[in-house]
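Results of the structural survey
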Amino acid sequence: MSYLPEEQVAAVLRRWIGTTTPKLLGEGMEGAVYEVDDSRVAKIWFAGSVESSRRAAAFYDALAAKPLPFEVPRITQVESVEGRVVTIERRLTGTTLAAALAADTVSREDAYTIVVDIVAALAAGGGLPAARELAVLGEDSPLFSDGEGFAVALARLAERRVERFRPVLSGAVVDLDRKAAALPSRLVEVDSGRRAVLHGDLIPGNILVDASGRPSAVLDWGFLTTEGDPAFDAAVTAAIFDMYGPEAARVERDLLDRMEARLGHDRAALLVYRAAYSLITANAYDPTGQDGHFAWCVAALNRSDVTEALLG
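Residues numbered from 1 in each chain as written. Predicted model: local features only at pLDDT ≥ 70, side-chain atom pairs only at ≥ 80, totals over all residues. Heavy atoms only, no water.

What follows is about helix H2 (residues 50-64). Residues separated by three or four positions in an α-helix point in the same direction, a consequence of the helix having 3.6 residues per turn. Here H2 contains 15 residues, and its C-alpha end-to-end distance of 21 Å stays within 8% of the 21 Å for a straight helix at 1.5 Å per residue. Taken as a whole, H2 has its buried residues at Ser53, Arg55, Ala56, Ala57, Phe59, Tyr60 and Leu63. (Helix = DSSP H or I, 4+ residues; strand = E, 2+ residues; numbered from the N terminus. Expected span 1.5 Å × (residues − 1). Buried < 20%, exposed > 50% of the residue type's maximum accessible area, 1.4 Å probe, protein only.)

Before going further, it helps to spend a moment on the sheet that holds strand E3 (residues 40-45). If you walk across this open sheet you meet the five strands as E1-E2-E3-E5-E4, and the pairing is antiparallel. For this open sheet the edge positions go to strand E1 (24-27) and strand E4 (75-81), each flanked by a neighbour on one side alone. If you compare each strand with its neighbour and ignore which way they point, the axes differ by 20° on average. Where E1 lies against strand E2 (residues 31-35), three bridges are found, and the strand directions are antiparallel. If you follow Gly26 over to E2, its bridge partner there is Val33. Strands in contact with helix H1 (residues 6-17) are E2, E3, E4 and strand E5 (84-90); relative to E4, the strand with the most contacts, it is inclined by about 130°. Where H2 meets the sheet, its contacts fall on E3, E4 and E5, and the angle it forms with E4 comes to roughly 175°. (Pairing = 2+ DSSP bridges. Axes fitted to C-alpha atoms, helices over the stretch in contact; angles between N-to-C directions. Contact = heavy atoms within 4.5 Å.)

Here we come to unusual backbone geometry. Here Glu82, not a glycine, exhibits a phi torsion of approximately 50°, which is positive. Looking at where Glu82 falls in the secondary structure, it is placed in the loop between E4 and E5. The phi dihedral of Asp175 falls on the positive side, at around 55°, and the residue is not glycine.

Right, let's talk about the packing of helix H6 (residues 176-190) against helix H9 (residues 267-281) for a bit. Closest axis-to-axis distance for the H6/H9 pair is 10 Å, and the angle between their directions is 130°. Between H6 and H9, the interaxial angle falls into the category oblique. H6 and H9 meet at a crossing whose hand is left-handed. On H9, the residues that touch Leu176, Ala180, Leu183, Arg186, Leu187 and Val190 of H6 are Ala268, Ala269, Val272, Tyr273, Ala276 and Leu279. Residues of the contact of H6 with H9, tallied by class, amount to 11 nonpolar, no polar and one charged. (Parallel < 35°, antiparallel > 145°, perpendicular 65-115°, else oblique. Left-handed = near helix turned anticlockwise from the far one by under 90°. Nonpolar A, V, L, I, M, F, W, Y, C, P; charged D, E, K, R; others polar.)

This is the structure in C-alpha cells:
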C-alpha cells in the first residue's frame, strides 16, 4: 500500500475538485477514494495501469447488466495524472455493513443473512466472460489463460504465490510441500462445474446497507474478483466475515453451515477453497509474513479440518 500526502492528492485531483481540500471517503489495499461531488468519487490507485482500469470498467458495465439485487460501482473515466491512475466513478450511497454492525443498527443475525443472500445472488447470476479478463492480487496479466478452467487457473495462482513466498511459508505451514502439491488435484476434484462472478473480498466493509438495513451496494471488486465456482466465494466470505474477533472460529462455522444449507455446497469443497485462499493471500499485505493476515492464513492451513480436506 502506498499512502499519499494530502498535497499530492490535491494536485492529482485538482481538475475535478478544484483547489479545495480533498475529502477522503475510504482507503483500501488498492487505492484511496475521494469525494468529487454528490454523484461522483475519484479513486487514486496505488498501482496498476490505465489498461487494467479500462478492463475493470468493462467488467463493471457487464456486471451492472445482471439482475442483481444491489448496485455495483461504475467507472465513467479512466485517467493517468502525474503518474497515478485515477478513475472517476459513480458515487454509491449507504452505510457499510461493518459500521451498521458496530452501531447496532443491523443485528449479527441479519448481517449473516445479508452476506449469504449476496453470495446466493451472485451464484444465481451465472458466469461473466468479462470477469475472466481481470488480473488479481496486483498481477499484470488476467488470471485465466486462453481456454483454461477455473480450477487450473486457481492452482497456477497458488503455485506462483507459494514459489514466491516459500521461504516465509515453509517456516510456518506444517507440511507445506505436501499441501501445496495436493492442492491442484483437489481443486479439480471439488470444482462443482457451476460458474458465477466471484467477488473474492466480501467483508462487511465492502457492503453498503440503506437506512432500513437492506443491502444497497457491493464495493471494492478486484482483489480476487474473477469467474469461477461459487463455492469459492462462499468459503472465503464465511472465513473473512470476522477474521480476528474472539468468536471468529464460531462465526466461520456458522456461516459455513448457512452456505451449505442455502447453496448446497459440500463442506470438504469449502475447506479446500479455504486452503487455496490462505495459500494465495497469506503474503498479500506483508511479504515477510509479520502481519495478522499471514498468521490468520497459516492458522487455517494448519487446522485439522483443512488439512484433512486437502490430504485426506
